[in-house]
Structure formats: C-alpha cells, structure tokens
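Each chain, written out:
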Amino acid sequence: DAAADMLSYTTLSSFTEFAGAEEGIEAQIDDETQQTFQRDAERLFEADLRGRYCRVGWYDDDDEINVVVTHGAPLKTTEIIEAGADRVISFREAEHAVLSYAAATGRLKVGGFAKARRAELAEIFAGSMLKRSRFFAAPDAQNLYTLVPVERAGFGFTFNHAFDPCFRRVQIVEVQADRLGTDPRSGETRTFWSHVTRDGRDNALARMGEGTRGITFGADWRLNHMVIRAHIDVGGSKPARVTVKLKPPDTAMFKRHRFEGRIMALLRRNGLVNDRPPGKAAVAAE
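For clarity, every value in this text was computed on a predicted model and none was experimentally measured.

A. Representation of the overall build of the protein within the structure. Within the protein, the secondary structure is distributed over seven helices and twelve strands. Dimensions of the protein, computed from C-alpha atoms along their principal axes, come out at roughly 65 × 60 × 55 Å. Residues counted as buried form 43% of the 286 residues belonging to the protein. Sequence-distant contacts, at least 24 apart, represent 64% of the contacts inside the protein between residues at least 6 apart.

Written out as structure tokens, the structure is:
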C-alpha cells in the first residue's frame, strides 16, 4: 500500500495549490484527527458518486506531510465475455487523491482528484488536521504565481539562476500572449486572440518579440503562460531536465518529487511567486 501511495504522489505533476491564512500552523496527526479526516472524505466521495471506500496513508517528507487517499472512481458498466458467454459487470477503478502540506509556508497542494472538488478536500484537511475552518478559503488563497515581472521586462527577460550553481541553464521554451479587450455586448473583458511561440533550442519569449509586431505587454496584451526547462547538474555528463508550466494565478505544473525546492527558489528569486504580505507573516510569527 505504501509503495502504491508513493508512486501516486511521485507521478503527479498537476496540483491545485492553496495558501493558508497563516504560516507555521502544524498539522495535528493522531487517531482522532485521522478518523475525522477519513470520515469527512468518505462523505465527499459518496456525494460525488464515487462510493464510500476510502483508505488514507500518511507520510512525513522532511518539512511536509503527504496524504494519499485511495478512493473509488465513478461506477463503470461494461459487457464482457467469460466461459463462452457474455454478461454485464459493473466496477469501480481505484483512484488516488494526494495532499501535501508544508507548515512553514502554510501551503497545501491537492492533486489527483476532480479539480472542481479540490477546495472541498482542502477544507476537510483544514477542519480535521489543522482545526482551522476555512483556513484555505481566503479570496487570495490561490493568487500564488505571477508573470508581471516578465511583462515589465518585455521580450528581453531571461532567468537569473546564478544564485545556485547547480543550474546549468534555464530555457524559456514556450509562451502564450493574449490580446484582451472589452466585449461590446456584455461589457466583460475577454480574450480576442492569442499568439503561442515555441522554441526548444533558445528563448521562445525573444523569438516572439522577433516574429510578431504590435505586441506590447500592458493594457491590451497579457502573458497567459510560460513553459521553462531547467537543466540541473546531478554530477554526470548530462544534466537532469525539469519542465515547468507556469500559468498564473495558481498553477506551477511540474513533477514535484525531484528538485521542487530548487525550482521554487528559481521562481521566487525571479519574482514569479506571490509571497505572503509582510503583515500576515508578522502576525503568524507572533
């Protein structure tokens, strides 16, 4: 079970992240809180037509707590042939929801479950393990990443990675720029059209600047997302490569089981992470 749980965690790359109301709030893991979490999770799965089955594994990983929840998928019905006859069977596949909480930063990652229901699973974790209802429900709880520093620098932006000699190179391999405007019928802001530029050898952002006219980041043009590829020295002739898709305000998509700390430091050092306002951090420290 533990091996299956950790395989589920290490193969996930798409998480929804939530910033808690405070930093430094430790999770309380004991029989009572575990049973409360499991009971409330069972109710969520049952309400989502996934059955009541729920097995929870808890794993410490340095300063993070990883929770792997094995649960049922929506019921499937299919026709099979067995012993020379056909018959209809119904079954549920096993699926895995993953939660990873770091008390030092107050951040929770939730993956492997229906995206529309992840906030509910985060609330169950907050109420049972942190004893803090709506801990991850602030209006800015998912305002975590930004590409504003890239837009300010324009097409000449490059990553600064000199702070960590393990980074051999950081490429920008894909960018998407959206032309925004006001819909005359509804009055709402919407995307009129988009430009996507890919460059696997050099810098897609610079290539977009060379190959397009009239794009100036500001009132009308916004960066939708950026894909980077970090080449990290692991002591061999070839570096390890980590590809990260950054899509504000809430998505940094990459496999978290290797180099997560380095990648997050790279994003933070280049101004692409919205850290907690100083006032909130000070209150949490007190």
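B. Just the nonpolar core, in detail. Of all hydrophobic cores here, the largest spans 36 residues; its most connected members are Phe159, Ile172, Ile228, Ile263 and Leu267. Mapped by element, the contributors of at least two residues to this core are β8 (167–182), α5 (204–211), β10 (221–232), β11 (240–247) and α6 (260–269). With six residues, the top contributor of residues to this core is β10. Once you skip the residues sitting within four places of it in the chain, isoleucine 263 turns out to touch Phe167, Ala230, Ile232, Val242, Val244 and Phe254.

C. Representation of the layout of surface pockets. Volume-wise, the largest pocket comes out at about 390 Å³. As for the largest pocket, its lining consists of 19 residues, and the residues nearest its centre are Glu64, Ala102, Lys109, Glu260 and Met264. Going through the elements one at a time, β6 (94–102), β7 (107–111) and α6 are the ones with two or more residues in the lining of the largest pocket. Ranked by residue count, the leading element in the lining of the largest pocket is α6, at four residues.

D. Representation of empty space enclosed by the protein within the structure. Going through the model one piece at a time under the given rule, you end up with one cavity of 30 Å³ or more. Of the pockets and cavities examined, the largest cavity occupies roughly 30 Å³. Ser14, Phe15, Thr16, Lys115, Asp250 and Thr251 together form the lining of the largest cavity. For the lining of the largest cavity, the class distribution of residues is one nonpolar, three polar and two charged.

E. Expanded view of a negative patch on the surface. A cluster of acidic residues, Asp60, Asp61, Asp62 and Asp63, forms a negative patch at the surface. Of note, aspartate 60 is situated in strand β2 (residues 54–61).

F. Quick peek at the pattern of salt bridges. Following the criterion strictly, the structure yields 21 salt bridges and no others. Here arginine 50 and glutamate 95 are joined by a salt bridge, their closest N and O atoms 2.9 Å apart. Placement of arginine 50 in the loop between α2 (31–47) and β2 and of glutamate 95 in strand β6 is noted, with a sequence separation of 45 residues between them. Of the charged contacts in the structure, one is a salt bridge between glutamate 82 and arginine 87, with a shortest N-O distance of 2.8 Å. On the basis of relative accessibility, which here comes to 43%, the residue glutamate 82 falls in the partly exposed class.

Rules of the game
- The numbers attached to residues start from 1 for each chain and follow its sequence in the written order.
- Reporting in this predicted model follows two pLDDT cut-offs: at least 70 for local features of residues, and 80 or more for side-chain atom pairs to be given and counted; totals over whole chains, interfaces and linings ignore these cut-offs and use all residues.
- Note that the side-chain values use all heavy atoms of the structure and ignore hydrogens as well as water.
- Runs of E in the DSSP output that reach at least two residues are strands. Runs of H or I that reach at least four are helices, and both are numbered from the N terminus.
- Throughout, exposure labels follow a simple rule: accessible area from a 1.4 Å probe, protein chains only, divided by the maximum for the residue type, with under 20% read as buried, over 50% as exposed, and the rest as partly exposed.
- Here, two residues are considered to be in contact whenever any of their heavy atoms come within 4.5 Å of each other.
- Here, the term nonpolar core denotes a set of buried Ala, Val, Leu, Ile, Met, Phe, Trp, Tyr and Cys residues that are joined through side-chain atoms within 4.5 Å.
- Buriedness of a pocket was judged along seven lines, with at least five required to meet protein on both sides within 12 Å; pockets are open sets of points on a 1 Å grid over the protein atoms alone, cavities are sets where a 1.4 Å probe fits but cannot get out, and lining residues have an atom within 4 Å of a point.
- Grid points are joined across faces, edges and corners, and a volume is the space filled by probe spheres set on the points.
- Three classes are used, and their members are as follows: Ala, Val, Leu, Ile, Met, Phe, Trp, Tyr, Cys and Pro are nonpolar, Asp, Glu, Lys and Arg are charged, and the others, Gly among them, are polar.
- The patches described consist of residues with a relative accessible area above 30% and no salt bridge, like charges being joined within 9 Å and nonpolar side chains (Val, Leu, Ile, Met, Phe, Trp, Tyr) within 5 Å.
- Shrake-Rupley sampling with a 1.4 Å probe provides the accessible areas, and residues are treated as covered by the protein chains on show and by no other component.
- Criterion for a salt bridge: a side-chain nitrogen of Lys or Arg within 4 Å of a carboxyl oxygen of Asp or Glu.
- We score Asp and Glu as negative and Lys and Arg as positive, and we do not count His or the chain ends.
- Taken as the charge centre is NZ of Lys, CZ of Arg, CG of Asp or CD of Glu, depending on the residue.

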